[in-house]
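Chains, contacts and geometry: an overview
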Amino acid sequence: MSIESVKSELEKDLVDVSSMEQLIELKNKYLSKKGLITELNSEIKNVPNEEKKEFGQKVNDLRNTFNDYFESNKNRIEEDILNQKLSKEAIDITLPATKVVSGAPNMLEELVEQVEEVFLSMGYDVVDGPEIELDKYNFEMLNIPKGHPARDAQDTFYIEGEEILLRSQTSPVQVRTMLEGKGEVPIRMICPGKTYRRDDDDATHSHQFMQIEGLVVDKDISLSDLKGTLDILFKKLFGEDTQSRFHPSYYQFTEPSVEVDITCHKCKGAGCNICKNTGWITIVGAGVVHPNVLRMSGYDPEKWTGFAFGFGADRLTMLKYDINDCRAIYNTDLRESKAFDRKEAE
Ligand code: DAH
């Protein structure tokens, strides 16, 4: 092919193309081994010497024209591809945001906080005690000597011999508090904490559960102080119309001992499945601190009296939120705590 015909072919071809494939096809047509411009270049040896320079120049011009065309088209095509990608991936900031699943407070934790608030507002301290406890505090100084049948009711995890155990109740914290108090009054404390018993786990039993213990020691403390105090708590937790009553019971570390019932918050006393149709639910063990317990911990029972109480926080949580499987309280499934959350909001 002559230079002129390659040039006119090239002029026809050099229109803007829209894809890299087309561009590469053109490059092959002109600059590959058998390309038109490459072939012209190899023609140079047949050109008479005096025309070689001009011929070479023209072939070079053609090559430069093609290269310029190639570069500018390549840049444009790459830019187009990028723009298309950007517009495809663009974020529409006017769209509503995707919902973030948020947690809900654990119900047991929340209940313990509510109880703490009530007692803090009445001037109580919230104290802590060890979960690994001495037999001495868990039983002996609570007036439950070794071999006493009252121990059998609390199937205890012993860790080492007969002396070190996982506390089966939060009552040992009474003893620790009195020992620390060194005979001084008043004592007003509550102690929420984990307790352990050798129970098989099921819907209503757990080898680990939360108790809240309470102790007041001062002058002339009586059962009516206990009743007034607990009533404040019950009304806060279950509503102002909640009533309570005592019935006699037995604990080694209180004398007299009582169990405390509240009116069923679900049926308001009419009778339902929760209160087993009695209208009342027993939720607290309590009593007047036994003189032996006071004495053993350094408080003179002739001078001081006290009341003590203990209740299961898990059970109270189950009652409050109408949960029938205690394992749900420790479940970390958000759908679960959300469901209870909703229940409370209803
Ligand atoms: N510790 C008892 C229990 O686990 C509950 C209890 C009853 C605690 C009477 C007390 C009390 O402080 O006075 O069953």
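Check the entry above for the structure.
To keep things clear, this report deals only with the structure shown in the data block. All residue numbers here refer to positions counted from 1 along the written sequence of the relevant chain. Totals for whole chains, interfaces and linings use all residues, but because this is a predicted model, local features are given only for residues with pLDDT of at least 70 and pairs of side-chain atoms are given and counted only at 80 or more. Side-chain figures throughout are based on the complete set of non-hydrogen atoms in the structure, without hydrogens or water.

Considering the overall build of the protein
In plain terms, the rule: A run of H or I in DSSP counts as a helix once it spans at least four residues, and a run of E counts as a strand once it spans at least two, with each numbered from the N terminus. Note that the radius of gyration is over C-alpha atoms, with the globule rule given as 2.2 Å times the number of residues to the power 0.38. Think of it in three bands: with a 1.4 Å probe and only protein chains considered, a residue is buried below 20% of the maximum accessible area for its type, exposed above 50%, and partly exposed in between. The criterion used for residue contact is that any of the two residues' heavy atoms lie within 4.5 Å. Note on areas: Shrake-Rupley, 1.4 Å probe, and residue coverage restricted to the protein chains presented here. For the purpose of charge, His is not counted, nor are the chain termini; Lys and Arg are scored as positive and Asp and Glu as negative. In this description, the location of a charge corresponds to atom NZ of lysine, CZ of arginine, CG of aspartate or CD of glutamate.
Tallying secondary structure elements over the protein gives eleven helices and ten strands in all. Relative to the compact-globule value of 20 Å for 346 residues, the protein shows a C-alpha radius of gyration of 44 Å, a clear excess of over 25%. Seen through its C-alpha atoms, the protein measures out along the principal axes to roughly 135 × 50 × 35 Å. For the protein, the proportion of its 346 residues judged to be buried stands at 40%. A separation threshold of at least 6 residues defines the contact pool for the protein, and within that pool the share at least 24 residues apart is 66%. Within the structure as shown, the protein displays about 19,800 Å² of accessible surface, and the carbon and sulfur contribution to it stands at 50%. When the 43 positive and 62 negative side-chain charges of the protein are each reduced to one mean point, those points stand 4 Å apart.

Here's the deal with the side chain of Ser 297
By secondary structure assignment, the location of Ser 297 is in the loop between helix 9 (291–296) and strand 10 (305–312). Once residues lying within four places of it in the same chain are set aside, the contact partners of Ser 297 are Met 141, Val 175, Met 178 and Leu 179.

Points about the sheet that holds strand 3 (residues 158–160)
For sheets, the rule is that strands pair by backbone hydrogen bonds, running either parallel or antiparallel. Our working rule: Note on pairing: two strands pair once DSSP finds at least 2 bridges between them. A fitted line through C-alpha atoms serves as each axis, taken over the contacting stretch for helices, and the angle formed by two N-to-C directions is quoted from 0 to 180°.
Spatial ordering of the open sheet is given by 2-4-3, a layout of three strands whose pairing is antiparallel. Each of the sheet's edge strands pairs with one partner strand only, and the pair in question is strand 2 (132–134) and strand 3. Within the sheet, the average angular offset between the axes of one strand and its neighbour, ignoring direction, is 40°. Summarising the sheet, strand 2 and strand 4 (residues 164–166) pair through three bridges and their orientation is antiparallel. Paired with Ile 132 across the two strands is Leu 166, which belongs to strand 4.

A few points about the site of the ligand
Let me state the cut-off plainly: Think of it this way: one heavy atom of a residue within 4 Å of a molecule or strand is enough to make that residue near it. For the purposes of these results, a polar contact is taken to be a pair of N or O atoms within 3.5 Å, where, inside protein, one atom must be able to donate a hydrogen and its partner to accept one; residues adjacent in sequence count only when each atom of the pair is a side-chain atom. Charged residues are taken to be Asp, Glu, Lys and Arg, nonpolar residues to be Ala, Val, Leu, Ile, Met, Phe, Trp, Tyr, Cys and Pro, and polar residues to be all remaining types, Gly included.
The full set close to the ligand counts 16 residues, and Gln 169, Gln 174, Arg 197, Gln 211 and Glu 213 are the nearest of them. Within the side chain of Gln 169, an N or O atom sits 2.7 Å from a nitrogen atom of the ligand. One of the backbone N or O atoms of Phe 309 is found 3.3 Å from an oxygen atom in the ligand. Starting from 360 Å² of accessible surface for the ligand in isolation, the protein chains cover 91%. Within the residue set of the shell around the ligand, elements represented by two or more residues are strand 6 (208–218), strand 9 (280–289) and strand 10. Residues belonging to the shell around the ligand are distributed by class as follows: five nonpolar, nine polar and two charged.

Regarding the packing of aromatic side chains
Short version of the rule: Stacked, tilted and edge-to-face are the three classes applied to pairs of Phe, Tyr and Trp rings, where Trp contributes its six-membered ring and a pair requires centres within 6.5 Å; stacked means planes under 30 degrees apart, edge-to-face means over 60, and tilted covers the rest.
Applying the stated criterion across every chain yields a total of eight aromatic pairs. Note on Phe 66 and Tyr 69: the rings are 5.9 Å apart at their centroids and 50° apart in plane angle, and the pair reads as tilted. With Phe 66 and Tyr 69 both in helix 4 (residues 49–89), this residue pair falls three residues apart, about one helical turn. There is no split in this pair, since Phe 66 and Tyr 69 are both buried. In textbook terms, an aromatic cluster arises when at least three aromatic residues are bridged by ring pairs, as seen for Phe 119, Tyr 124, Phe 307, Phe 309 and Phe 311.

Regarding the environment of Gly 287
Residue position: Gly 287 is located in strand 9. Taking the C-alpha atoms as reference points, Gly 287 and Ser 222, separated by 65 residues in sequence, lie 9.0 Å from one another. Those residues in contact with Gly 287, other than ones at most four positions away along the chain, are Leu 223, Leu 226, Thr 254, Pro 256, Ser 257, Val 258, Gly 306, Phe 307 and Ala 308.

Focus: a negative patch on the surface
The test is simple: Only residues whose relative accessible area exceeds 30% and that take part in no salt bridge are eligible for patches, with like-charged residues grouped when within 9 Å of each other and nonpolar side chains (Val, Leu, Ile, Met, Phe, Trp, Tyr) grouped when within 5 Å. Here, a salt bridge means any side-chain nitrogen of Lys or Arg that lies within 4 Å of a carboxyl oxygen of Asp or Glu.
Residues Asp 199, Asp 200, Asp 201 and Asp 202 make up a contiguous surface patch of negative charge. Checked against the element boundaries, Asp 199 lands in the loop between strand 5 (187–196) and strand 6. Judged by its relative accessible area of 33%, Asp 199 falls in the partly exposed class.

Thoughts on the sheet that holds strand 8 (residues 254–263)
Pairing is mixed in the open sheet, where seven strands are placed in the order 1-5-6-10-9-8-7. Looking at which strands have only one partner, the edges of the open sheet turn out to be strand 1 (125–126) and strand 7 (244–249). Taken together, the ten bridges between strand 5 and strand 6 define a ladder with antiparallel strand orientation. Bridge pairing links Gly 193 to Gln 211 in strand 6.

Here we look at helix 5 (residues 107–121)
Our working rule: Expected helix span is given by 1.5 Å per residue-to-residue step, counting one fewer step than there are residues. As used here, the arc is the angular range of directions from the helix axis to the C-beta atoms.
Between its terminal C-alpha atoms helix 5 stretches 21 Å, which fits the 21 Å expected from 15 residues at 1.5 Å a residue. Looking at helix 5, one finds that the buried residues are Met 107, Leu 108, Leu 111, Val 112, Val 115, Val 118 and Phe 119. For helix 5, the angular spread of the buried residues around the axis is 135°, confining them to a single face. Opposite its buried face, helix 5 presents the exposed residues Glu 117 and Ser 121, each directed more than 90 degrees away. Between the side-chain oxygen of the N-cap and the backbone nitrogen of Leu 108 there are 2.9 Å, and the N-cap of helix 5 in question is Asn 106.

Description of the pattern of salt bridges
Per the counting criterion, the structure on display carries 16 salt bridges. As a salt-bridge pair, Asp 261 and Arg 245 come within 2.9 Å of each other at their nearest N and O atoms. Residue Asp 261 is located in strand 8, and its partner Arg 245 is located in strand 7; the two are separated by 16 residues in the primary sequence.

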